[in-house]
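A structural walkthrough
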Amino acid sequence: MAIAGGVGSFAYLIPTKYLLKLDIHYKNVFLISVISGFSFLPMLVLHGSGFELAFSVLLWTLINGIFMDKVQKSVII
């Protein structure tokens, strides 16, 4: 599940980079993908009930959302 979280984040950030034409470095995409994968560790450690899954998805969303917010604030409109 942790690998799926990282791959999902990578699959989310790469199209976003090209669709929104944002200056996101591949190093940052890889780093955020790894951190997003770690967001599913509570579910793995606590044997994956519904609450742990919801908490993991919340962490995944926050990590990717905060990163995208910082990237968009750095772009001059």
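Look above for the structure.
Given the structure is predicted, the values throughout are model-derived calculations rather than measurements. (Residues numbered from 1 in each chain as written. Predicted model: local features only at pLDDT ≥ 70, side-chain atom pairs only at ≥ 80, totals over all residues. Heavy atoms only, no water.)

1. Thoughts on the overall build of the protein chain
Assigned secondary structure in the protein chain consists of 4 helices and 0 strands. Starting at the N terminus and walking to the C terminus, you meet the elements of the protein chain as α-α-α-α. Expressed as lengths along the three principal axes of its C-alpha atoms, the size of the protein chain is roughly 45 × 20 × 15 Å. In the protein chain, which comprises 77 residues, the share counted as buried stands at 30%. At a minimum sequence separation of 6, the contacts of the protein chain that also span at least 24 residues come to 64%. Entry remark: accessible area of the protein chain is about 5,300 Å², with carbon and sulfur atoms responsible for 76%. (Helix = DSSP H or I, 4+ residues; strand = E, 2+ residues; numbered from the N terminus. Buried < 20%, exposed > 50% of the residue type's maximum accessible area, 1.4 Å probe, protein only. Contact = heavy atoms within 4.5 Å. Areas by Shrake-Rupley, 256 points an atom, 1.4 Å probe, with all protein chains shown as cover.)

2. Details of helix α4 (residues 50–74)
What sets the pattern is the α-helix's 3.6 residues per turn: residues three or four places apart point alike. In this model α4 runs 36 Å from its N-terminal to its C-terminal C-alpha over 25 residues, within 8% of the 36 Å that 1.5 Å per residue would give. Taken as a whole, α4 has its buried residues at Glu52, Ser56, Asn64, Phe67, Met68 and Val71. (Expected span 1.5 Å × (residues − 1).)

3. Regarding the packing of helix α1 (residues 2–19) against α4
The interhelical angle for the contact between α1 and α4, taken along N-to-C directions, is 25 degrees, at an axis separation of 11 Å. Comparing their axes, α4 and α1 come out roughly parallel. Viewed along their axes, α1 and α4 form a crossing whose handedness is right-handed. Counted together, Gly5, Gly8, Ser9, Tyr12, Leu13 and Thr16 of α1 and Trp60, Asn64, Phe67 and Met68 of α4 form the full contact between these two elements. (Axes fitted to C-alpha atoms, helices over the stretch in contact; angles between N-to-C directions. Parallel < 35°, antiparallel > 145°, perpendicular 65-115°, else oblique. Left-handed = near helix turned anticlockwise from the far one by under 90°.)

4. Thoughts on the environment of methionine 68
Relative to the helices and strands, methionine 68 is located in helix α4. Judged by its relative accessible area of 6%, methionine 68 falls in the buried class. Spatially, the C-alpha atoms of methionine 68 and leucine 13 are 8.6 Å apart, while their sequence positions differ by 55 residues. Those residues in contact with methionine 68 that lie beyond four places of it in its chain are Tyr12, Leu13, Thr16, Leu22 and Ile24.

5. Points about the side chain of serine 9
Looking at where serine 9 falls in the secondary structure, it is placed in helix α1. Once residues lying within four places of it in the same chain are set aside, the contact partners of serine 9 are Ile32, Ser33, Ser36, Trp60 and Asn64.

None of this, on its own, says anything about what the molecule does.
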